[in-house]
Amino acid sequence: MARAALCPTARWLWCLSLLVVLLPPQSIQVAAAACPSTRPQSYDVQVPCGDNRCWCDSSTADCSGHWGQLTYVPKLPEDISAVDFSCNNLSMFLTRNTFANLTNIEVLYLSHNDISWLPADVFGEMGALWLLDLDSNEALTFTSLREIVSIQSIRTVFAGKCNLPPLPADLFQNTTSRVDEIVLSSNPHGGIYSLEGFCDLHFLRQLQLCDCDFNDITSSCSLHQLANLDLTGNVLRRFPKTCIGKEPMFPVLTALYLTHNRIEVLSTAEVCLPMLTYLDISYNFIKLYPSGTFSIAKFPFLESIKLQHQSSYWDMFIVSTKIEAKAFDNPNLERLYLNSNELEFADNDSISRYAFANCRNLRDLSLSSNNFTYVDDNRFLLLFGHLQSLVNLIMADNKFESISRKMFANFPKLTRLDLYDNMIDSIPDGAFDSLLSLRQLFIHNNKIKTINEETFGQNVRAELSSLTLAFNPFVCSCDLVWFQHWFQNTGSNLFMVHGFPKKDYKCDNIPGMTLENFSMTEQACLIRQEVNLLIILCCSIFIFTLTLVSLVFRYRWHIRLLMYEVFRGRDVLRRQRLMNNNFDFDVFVSYASEDLPWVRQQLLPKLEDELGLRLCIHERDFVLGRHIVDNIVQCVESSKKILMVFSQHFVHSQWCQFELSLCLSHVMDYDDALIVVCVDNVTSRQMTSAMMGVLKTTTYIQWSEEEDAVVSFWGRLCLALREIIPFDEQNV
C-alpha cells in the first residue's frame, strides 16, 4: 500500500534502485549508454577514466547514466574541458563541494538529475564554466535559475523540460548576469508568453522558447540586445506582435524562427523589426501572401525568407496558395525559399505575374516541389525574367515537362541550376548557352533520351564543374555515341557528383546495359538515322501486312460467316426457293465414309422411315459414271436442306472439306443455314478453319448414346428440319 502511494518520480527511483541491485554491472553500462543527453556526439576514441566510472576522449568525459550509483565526481584528466554528468540522480547527494574536482571545466551537462535546488555557491570554484545544461530537471526552481544566471562566467544556460512557467518580471533584477544564450524549450505554458522576465539580462543575445505551447508573446519592455529568437513548435496563429507602442520590442533582432507553428495569417501591420535579416516561417498553414507583406518599409534589412512546407488542414478545402503582386517587394532580399508549397505557377489568379517584383538583388531562389505544369516561356519570364542577379535557382520536382532556350536567357550570373526530379524529355540544343556563369547543373531523374554535341555548347562544357544526368532513360543508339565518348573521357569529377556512380547512367532500350559499357561500331552508324527509321518503318509495314494477310486467310471462314450473319436477309429468298418444289432430295447429308454406319443405323431410319424425308447419301444416290465433283454440286443444288455430320474422320477427309466449302457458299447464296451434328468429340486444334468458323457461328447438335440425350437430339433435329417435314408427320 505504501508503494502505491509514492509519487511518480519516487516510485520510478525505487524501481530503478531495485533494478540496479538485481542487474549485473554490464546491464548498468547498457543503461548508461541509453541515457538521453544534449551533449554533442564525440567521434574520438574513448578510454576509461575517473576511477573507471567515466569514458574520456581528448576533451570530454562521459560520466552519465549511473542513476544514483556514482555518488561523487571523480578526478578527471587535466585536459578535460567538458563533462557529461547526466542521468545520475544528482539531487540525492548534491552538496556545495560536489564539483570540487571540476574547477577547470568549461562545459557541464546535468540533465535528467531531478535537481530542484542548488546549494549556495555550488559552482563557485568553477571559474571557467561558461555552458551549463540543466535540461529535464522538472523540479528546478526560479531561485536556482537566478543563482545560475548570476554566475559571472556562465554564458549559456539550458533549462528545457523543467516545467518552468514564464519568468517573473523581476526575476533578474539587480543581477550582474553576463549570460548571452538561454534555452527554455519544452516548458509547456499555453496562452500568452510574457518576455518581461528577460529584460534585465542586458547581455542576452539568443533565446529559445521552442515547444512551449503558447499562442502569442508580449512584453512591456524592450530586449535591447536580443539578436536571435527561436519560437519554433508553438501554437502561434499569426505573425507575433513585435511593437511596444511605436517602439520595437526587439531593436537589434537579426534572426527570427517561427517554424512548426499554426500561422495562417501574415498580417505584419504591427511589425517593428528594424534589424531583422533572417526570417523562417516554414511548416505553417499560410495560404495567402498579400501585397507588401515583406516590403522594405516593414523589413528594411531583410535578406533571407524561408516559407517552406505550408500545408496541413487547409488542403482539405483545396485552397490554393495565393501570392499577390509585390508580396516580396524588397530590394534587400537575397534568399527566398518557397519549397513544397504546391504553388500553381501557371495560374495567374493564384500567382501574380508581379509576385516577385522589385526583388532585383535576389541571389538564391528555391522553388522545389511546386507545380510548373503548363508554364510556357512567356509566363516563366514574366515571373522571373527580371531576377538577373540570381546565382542559385532550385527548381527540382516541379513537374516540368519541357524547357527551351528562351527560358533561361536572362540570368547572366546564374552558377547553379537544379532541374532534377522533373519530367523533361529533351534538352533543346543550346538551351543553357546563354548562362555564361553556369558551373553546376543537375538534371538527373528526368525523361531525357539523348544528348548530342549541340545540347551543351562548347563554352558551357568548358565551364561546368558538376553535371548530373543519372537516372534518365537514355536510348543507346548512334545518336548517343558522342555523349558516351564525352561521358567516358571526362571522368568522375563532372558526372559523378552527388554520389551518382557510373552504373546509374543506364540504357533504357537495352536491359542491364550501362552507358559506360555501351558500344556501337562506326559501320553501324554510317547510315543516317532517318534512313534507319525509314527501313524500320517499311519492314514493320511489310511484317504487319504479312501478318494481317495470314490471319485473314486462316480465319477467312470465321470472317465470312460473321459477315453473313450480320448482313443476312429475312428468309425471303430461301422461302421462294423451297416453294419451287424442283428438288430431288429433302436433305443432302455430308459425312465421312467412316461414319456411314451411324448414318445408316441412326439417321436414315429416323428421317426417312419415320419422317418420310428423302436423304441424299453419296454411296447410294450419286450417279454412276459422273465426275464426283459434278455429283456433289448437282446433289447440293437439288436438295432443300444440307446436313453436315462432323467427326474426327470428317476433319481428315479432303472430300468432306470440299463439300463443307461448297455447302457454305451455297447456304450463303440462298440465305439458308447449315444443320450441323457432331457424332463425337472433336477438339478445336483438330478442326480446320472452316469447321471452326461454322461451330463458332452456328448452333450445332451433339449426339450422345444416353437415353435422355437421344430424345433431345432428335427433337432438336426435327425442329431444324421443320420447314421440309411433311405436315402429317409434324402432327405425329
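Up top is the structure these notes are about.
Residues numbered from 1 in each chain as written. Predicted model: local features only at pLDDT ≥ 70, side-chain atom pairs only at ≥ 80, totals over all residues. Heavy atoms only, no water.

Participant: Could you clarify how one ought to interpret the pattern of salt bridges in this entry?
Facilitator: In a structure, side chains of opposite charge can pair up when their charged atoms sit close to one another. Applying the stated criterion across every chain yields a total of 13 salt bridges. Where lysine 640 meets aspartate 586, a salt bridge forms, and the shortest distance between an N and an O atom there is 3.5 Å. Separated by 54 residues along the polypeptide, lysine 640 in strand S28 (residues 639–646) and aspartate 586 in strand S26 (residues 585–590) bring together distant segments of the chain. Look at aspartate 586 and you get buried, because its relative accessible area is 12%. Linking arginine 620 and glutamate 608 is a salt bridge whose minimum nitrogen-to-oxygen distance equals 2.9 Å. With a gap of 12 residues between them, arginine 620 in helix H12 (residues 618–621) and glutamate 608 in helix H11 (residues 596–610) connect regions that are remote in the sequence. Members of the salt-bridge network, linked through shared partners, are Glu608, Arg614, Arg620 and Asp621. (Salt bridge = Lys/Arg side-chain N within 4 Å of Asp/Glu carboxyl O. Helix = DSSP H or I, 4+ residues; strand = E, 2+ residues; numbered from the N terminus. Buried < 20%, exposed > 50% of the residue type's maximum accessible area, 1.4 Å probe, protein only.)

Participant: Before we go on, may I ask you to explain the nonpolar core in this structure?
Facilitator: Most often, soluble globular proteins have nonpolar side chains that are buried together. One finds Phe123, Phe198, Phe328 and Phe432 to be the most contacted residues of the largest nonpolar core, which totals 142 residues. Among the secondary structure elements, those contributing two or more residues to this core are strand S2 (54–56), helix H3 (142–150), helix H4 (377–384), helix H6 (481–490) and helix H7 (492–495). Residue contributions to this core peak at four residues, all from H4. Setting aside its immediate chain neighbours within four residues, phenylalanine 198 contacts Leu167, Ile182, Leu184, Tyr193, Leu204, Leu207, Leu209 and Leu223. Listed in part, the 28 residues of the second largest apolar core include Ala592, Phe646, Val667 and Val694. (Core = buried A, V, L, I, M, F, W, Y, C linked by side-chain atoms within 4.5 Å. Contact = heavy atoms within 4.5 Å.)

Participant: How should the side chain of aspartate 595 be read in this particular structure?
Facilitator: On the secondary structure map, aspartate 595 appears in the loop between S26 and H11. Notably, aspartate 595 is buried but unbridged: the nearest opposite-charge side chain belongs to arginine 600, and the N-O separation is 12 Å. Setting aside residues up to four positions removed in sequence, aspartate 595 forms contacts with Ser647, His649 and Val679. (Lys, Arg positive; Asp, Glu negative; His and termini not counted.)

Participant: It is not clear to me how the sheet that holds strand S27 (residues 615–616) should be interpreted in this structure. Could you clarify?
Facilitator: Note: strands within a sheet are paired through backbone hydrogen bonds, in either parallel or antiparallel orientation. Spatially, the five strands line up as an open sheet ordered S27-S26-S28-S29-S30, and their pairing is parallel. Bordering the open sheet on either side are S27 and strand S30 (701–702), each of which pairs with just one other strand. Pairing of S26 with S27 involves two bridges; the strand directions are parallel. Across the sheet, residue valine 587 finds its bridge partner in S27, namely leucine 615. (Pairing = 2+ DSSP bridges.)

Participant: Which parts of the structure should I look at to understand a nonpolar patch on the surface?
Facilitator: A surface patch of nonpolar side chains, amounting to about 240 Å² of accessible area, comprises Val252, Met275 and Phe301. If you trace the backbone, methionine 275 turns up in the loop between strand S15 (255–257) and strand S16 (278–280). Relative accessible area serves as the criterion here: at 36%, methionine 275 is assigned to the partly exposed category. (Patch = residues over 30% accessible without salt bridge, like charges linked within 9 Å, V, L, I, M, F, W, Y side chains within 5 Å. Areas by Shrake-Rupley, 256 points an atom, 1.4 Å probe, with all protein chains shown as cover.)

Participant: Sorry, what's going on with unusual backbone geometry here?
Facilitator: Excluding glycine, residues mostly carry a negative phi; peptide bonds, for their part, are mostly trans. Its identity as a non-glycine residue notwithstanding, tyrosine 283 has a phi of 60 degrees, on the positive side. Here tyrosine 283 shows up in the loop between S16 and strand S17 (288–289). Backbone geometry places asparagine 445, a non-glycine residue, at a positive phi of 60 degrees. Summarising the element assignment, asparagine 445 is placed in the loop between strand S24 (440–442) and helix H5 (458–463). Given a relative accessible area of 35%, asparagine 445 falls into the partly exposed group.

Participant: Which parts of the structure should I look at to understand the state of the cysteines?
Facilitator: One way to say it: the disulfide is the covalent bond shared by the sulfur atoms of two cysteines. The full count for this structure, using the stated rule, is five disulfides. Note on cysteine connectivity: cysteine 49 is disulfide-linked to cysteine 56, with sulfurs 1.9 Å apart. Between cysteine 49 and cysteine 56, the S-S torsion sits near 75 degrees, and that sign places the bridge as right-handed. Note on cysteine 49: relative accessible area 9%, which makes it buried. Looking at cysteine 56, the relative accessible area reads 4%, which means it is buried. (Disulfide = S-S within 2.5 Å.)

Participant: Before we go on, may I ask you to explain the pairing of strand S29 (residues 675–678) in this structure?
Facilitator: Consecutive residues of a regular strand have side chains that alternate between opposite faces of the sheet. Residues Ile675 and Val677 point to one face of S29 and Val676 and Cys678 to the other, with burial holding for every one of them. As paired strands, S28 and S29 are joined by four bridges and run parallel to one another. Across the sheet, valine 645 pairs through a bridge with valine 677, a residue of S29. Sheet analysis places S29 next to S30, joined by two bridges and oriented parallel. Residue pairing in the sheet places cysteine 678 in a bridge with glutamine 702 of S30.

Function cannot be inferred from these measures alone, as they are strictly geometric.
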